[in-house]
Number of protein chains: 2
Amino acid sequence: MKLISLRHPLNSKPVASDFVELDIPTPECPDQGILVRVVHLSLDPYIGSRLRGKHMGEAPPTPGVEAIPGAIVGEVVQSNLDGLSKGDWIQSMEGGWQEFVSLKEGAFRKLDPTQAPLASHAGVLGMPGLTAWAGITQLANVGEGDTVLVNAAAGPVGGTVGQIARIKGAERVVGIAGGAEKCAIVTDTYGFDACIDYKIDGWEAELKKALPDGLSIFFENVSADMAITALDNARTYARGVLCGLAAGYQVQSQDRVPNPLPMGTIIGKRAQLFGLVVYDFYSKWDEFAGEAGKWIQDGKLAFAEDREEGLENAPALFERLMNGQNRGKAVVTVSPEKA
Amino acid sequence: MKLISLRHPLNSKPVASDFVELDIPTPECPDQGILVRVVHLSLDPYIGSRLRGKHMGEAPPTPGVEAIPGAIVGEVVQSNLDGLSKGDWIQSMEGGWQEFVSLKEGAFRKLDPTQAPLASHAGVLGMPGLTAWAGITQLANVGEGDTVLVNAAAGPVGGTVGQIARIKGAERVVGIAGGAEKCAIVTDTYGFDACIDYKIDGWEAELKKALPDGLSIFFENVSADMAITALDNARTYARGVLCGLAAGYQVQSQDRVPNPLPMGTIIGKRAQLFGLVVYDFYSKWDEFAGEAGKWIQDGKLAFAEDREEGLENAPALFERLMNGQNRGKAVVTVSPEKA
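What counts and how
Residues numbered from 1 in each chain as written. Chains lettered and ligands numbered in written order. Predicted model: local features only at pLDDT ≥ 70, side-chain atom pairs only at ≥ 80, totals over all residues. Helix = DSSP H or I, 4+ residues; strand = E, 2+ residues; numbered from the N terminus. Rg over C-alpha atoms; globule rule 2.2 N^0.38 Å. Contact = placed C-beta atoms within 7 Å. Least-squares fit on C-alpha atoms with pLDDT ≥ 70 in both. Axes fitted to C-alpha atoms, helices over the stretch in contact; angles between N-to-C directions. Parallel < 35°, antiparallel > 145°, perpendicular 65-115°, else oblique. Left-handed = near helix turned anticlockwise from the far one by under 90°. Buried ≥ 20, exposed ≤ 12 C-beta atoms within 10 Å, placed from the backbone. Pairing = 2+ DSSP bridges. Right-handed = clockwise from strand over helix to strand, strands pointing away. Domains from an automatic or database assignment. Nonpolar A, V, L, I, M, F, W, Y, C, P; charged D, E, K, R; others polar. Arc of directions from axis to C-beta. pLDDT = per-residue confidence, 0-100.

Draft legend 1. Structural view of the overall build of chain A. Assigned secondary structure in chain A consists of nine helices and 16 strands. For a compact globule of 339 residues, the expected C-alpha radius of gyration is about 20 Å, and chain A comes in at 20 Å, within 12% of that figure. Contacts in chain A between residues at least 24 apart in sequence constitute 68% of all its contacts with a sequence separation of at least 6.

Encoded structure:
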């Protein structure tokens, strides 16, 4: 089977030529596990730092040996577990860039393939969606009357944050994204009230205009500088979800305190800040997917996909993702849904 | 009557010679208010920045005219309000360094003089105690099994935070203070499990030893650097109350981001941070004083006072407070409790 690995240890932003395709034997089905045909593969920005050993202390995959990590949606082709049979569908965070994967018990979630399009489990119902849902509902506790600001708003986390906020009763939802094309996704596909293009001079004044009464919730995906801009536009008692530092995934900070937030402003605004790591919410995945699956069926939750067919196209799509050139959630369809 | 004002506008840390005593007519009792004989006057660190116009956007008092602001406990000598009579006791944040003060309706709270020693309403039952109670119970929601770290622990906020934490079931309470004498107050008077003297080389290693399982709550009174030390010793899911920046009240930060907190660490630890301004909890003062008054009567809540007799001694005590040389809550008894 095909598997994509690192060509060499990585110390900078990955590009397509950093990856190498290997042809190795298909793994055996484990005694206490399943063998899965990988169908949809999720490409996510945090993998950029993971490959350099800079994510949550996790070791990078061994170059020339191990698959690049990534969440997958796949079909069971062999099972040694009760309750799982050939033809069942699963989702796993322990998949990777490969055609087949062996998974032990506990390393995957069984899916209901009728709940939503299968690829959505690698996107809006996958880790990015769970991240959005956990932050905006479980931490920020969004509700009636909230005004929500989220950046990287064209991405699968940001876009879902804003849509869930609206579904939960938020009064106003404003996004920040880079470029007119992404901003159009945010307002037209995701239905935000406004989207500010941070690549345009004077965007901070535009943001202030888009938040005439300030924000009550911000969801930070990008950087401490952006979080400071959010705090500057925050009402008293604002809640902030600190989710990601995408702008810094590829660089080492030279600051004395990396990614600094101003403590005096947090006090003065009586802000409440919540560090979010989606791992903590894996136990709530079924609850989230049940709720969000209905929203998809009811047409309330939209998602944009940047989909490539064929594992061999993963490196180029990943390079585009690293450069912010993707348009919607990056998903690689490794093999057809119907084998 | 005597009143103490600024001698001149202030641009640096106040010293005793920055103040001037005036002799002015005793104010009239307002139509919708009361006239109060000031008995106990609270001196608090935030006044140092308030005098330079650096506190919550409030203007400094006019030199040579207005009294230095400060919370007071006093006796009503004349009343034009229903429900308040000569001889009643009140507490007010709108008092100041003067022998009598006129207060309008809504600018004071009536006290029960049998609830606790009257001077305690300028200390452990006053704003410092309310600050401690609000942060540790209303924001951090301290409870069984928590391990709490608080700095400026010999002060009236820090010392009360630790004691309330213990009363509410915390498993371990650790303080940080400057010098052996202050640390002795923290462990002996306030009953903390340990107190680390930050003026001793290697104190950070001692702190780590004093928190073998990390902290679950920190209460920050001093600086962002100290908050970073706390975060470094925090368990996952720790809660942090951001209350004050006492170390910076006298200086202007030269940092690009003033008082920076590391966003990546907050995310990685899944920390929850709460900006605290005690103003927001004035409406809960009766609830707090009722609860804490009982703790005082039951001998569960101790407090150290650094008390001076006579308004003329306020400037010298305030200078000591600004230099961290006070021993316990700084209180000036302006006139005897029994006139």
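Draft legend 2. Representation of the relation of the copies chain B and chain A in the model. Once chain B has been moved 0.0 Å along the axis and rotated by 180°, it coincides with chain A to within an RMSD of 0.0 Å. Given the turn and translation reported, the copies of this chain are related as if by a two-fold rotation axis. A high fraction, 100%, of the interface residues of chain B reappear at the interface in chain A, so the copies pair face to face through one surface.

Draft legend 3. Inspection of the environment of B:Gly129 at higher detail. Tracing the sequence through the fold places B:Gly129 in helix α2 (residues 127-139). Separated by 81 residues in sequence, B:Gly129 and B:Ala210 place their C-alpha atoms 25 Å apart.

Draft legend 4. Structural context of the packing of α2(B) against helix α3 (residues 156-167) of chain B. All names here are of chain B. Two elements in contact, α2 and α3, have axes whose closest approach is 8 Å; the angle formed by their N-to-C orientations is 45°. Considering the angle they form, α2 stands oblique to α3. The crossing of α2 and α3 is right-handed. Taking contact as the criterion, the partners of Pro128, Gly129, Thr131, Ala132, Trp133, Gly135, Ile136 and Thr137 in α2 are, on α3, Pro156, Val157, Thr160, Val161, Ile164 and Ala165.

Draft legend 5. How the structure looks around the pairing of strand β9 (residues 172-177) of chain B. Residue and element names in this part refer to chain B. The buried fraction of β9 is high, at six of six residues. Of the two faces of β9, the one holding Arg172, Val174 and Ile176 and the one holding Val173, Gly175 and Ala177 are both buried throughout. Sheet topology places strand β8 (residues 147-151) next to β9; five bridges connect them, and they run parallel. The partner of valine 150 across the bridge, within β9, is glycine 175. This β-α-β element, β8 to α3 to β9, shows right-handed connectivity. Bridge analysis of β9 against strand β10 (residues 194-197) gives four bridges, and the strand direction is parallel. What sits directly across from isoleucine 176, in β10, is isoleucine 196.

Draft legend 6. The arrangement of the domain arrangement of chain A in detail. Residues and elements named next belong to chain A. Structurally, chain A comprises domain 1 (2-123 + 304-333) and domain 2 (127-279). The distance between the C-alpha centroids of domain 1 and domain 2 comes to 28 Å. Each partner contributes to the interface: domain 1 provides 15 residues, whereas domain 2 provides eleven residues. Of the residues in the side of domain 1 that touches domain 2, the class split is five nonpolar, six polar and four charged.

Draft legend 7. The interface of chain B and chain A, seen in detail. With 25 residues of chain B at the interface, the matching set in chain A holds 25 residues. For the side of chain B that touches chain A, the secondary-structure elements that each account for two or more residues are α6 (224-232), β13 (260-262), α7 (263-268) and β14 (272-275) of chain B. When the residues that make up the side of chain B that touches chain A are grouped by side-chain class, the tally is 18 nonpolar, four polar and three charged.

Draft legend 8. Representation of the sheet that holds strand β12 (residues 234-242) of chain B. Strand order in this open sheet of twelve strands is β10(A)-β9(A)-β8(A)-β11(A)-β12(A)-β14(A)-β14(B)-β12(B)-β11(B)-β8(B)-β9(B)-β10(B), and the pairing throughout is mixed. Edge positions in the sheet fall to β10 (194-197) of chain A together with β10 of chain B, since each of these pairs with one other strand and no more. Strand-to-strand twist across the sheet, computed as the mean angle between neighbouring axes with direction ignored, equals 15°. In this structure, strand β8 (residues 147-151) of chain A lies alongside strand β11 (residues 215-220) of chain A, joined through three bridges in parallel fashion. For A:Val148, the partnering residue across the bridge sits in β11(A) and is A:Ile217.

Draft legend 9. Inspection of unusual backbone geometry at higher detail. All names here are of chain A. Even without being a glycine, asparagine 259 presents a positive backbone phi close to 50°. Relative to the elements of secondary structure, asparagine 259 occurs in the loop between β12 (234-242) and β13 (260-262). The residue arginine 270 is not glycine, and still its phi comes out positive at about 55°. Relative to the helices and strands, arginine 270 is located in the loop between α7 (263-268) and β14 (272-275).

Draft legend 10. Just the pairing of β12(A), in detail. Residue and element names in this part refer to chain A. When β11 meets β12, the two strands line up parallel, connected through five bridges. Of the residues in β12, the one forming a bridge with phenylalanine 219 is valine 241. Taking the sense of rotation as the criterion, the β-α-β connection linking β11, helix α6 (residues 224-232) and β12 turns out right-handed.

Draft legend 11. Up close: the environment of A:Gly240. All names here are of chain A. Structurally, the position occupied by glycine 240 is in strand β12. Taking the number of C-beta atoms within 10 Å as the measure of exposure, glycine 240 has 29 and is therefore buried. Placed 116 residues apart in sequence, glycine 240 and valine 124 show a C-alpha to C-alpha distance of 22 Å. Contacts of glycine 240, omitting those with residues within four sequence positions, involve Phe218, Glu220, Ala227, Ala230, Ala271 and Leu273.

Draft legend 12. Main features of the environment of B:Phe281. All names here are of chain B. Residue position: phenylalanine 281 is located in the loop between β14 and α8 (285-297). The partly exposed category is assigned to phenylalanine 281, around which 19 C-beta atoms lie within 10 Å. With 180 residues separating them along the chain, phenylalanine 281 and valine 101 place their C-alpha atoms 24 Å apart.

Draft legend 13. Region of interest: helix α4 (residues 180-189) of chain B. Residues and elements named next belong to chain B. Within the span of α4, buried status applies to Lys182, Cys183, Ile185 and Val186. Projected down its long axis, α4 shows its buried positions confined to an angular sector of 150°, all on one face. Those residues of α4 that are exposed and angled more than 90 degrees off the buried face are Ala180, Glu181 and Asp188. Structurally, α4 contributes buried residues whose contacts are with α3, β9 and β10. Once α4 finishes, glycine 191 follows within two positions and takes phi at roughly 75°, a positive value.

Draft legend 14. Region of the structure containing the confidence of the model for chain A. Put simply, chain A has an average pLDDT of 94, and 98% of its residues get 70 or more. Our summary of model confidence lists the complex with pTM equal to 0.88 and ipTM equal to 0.86.

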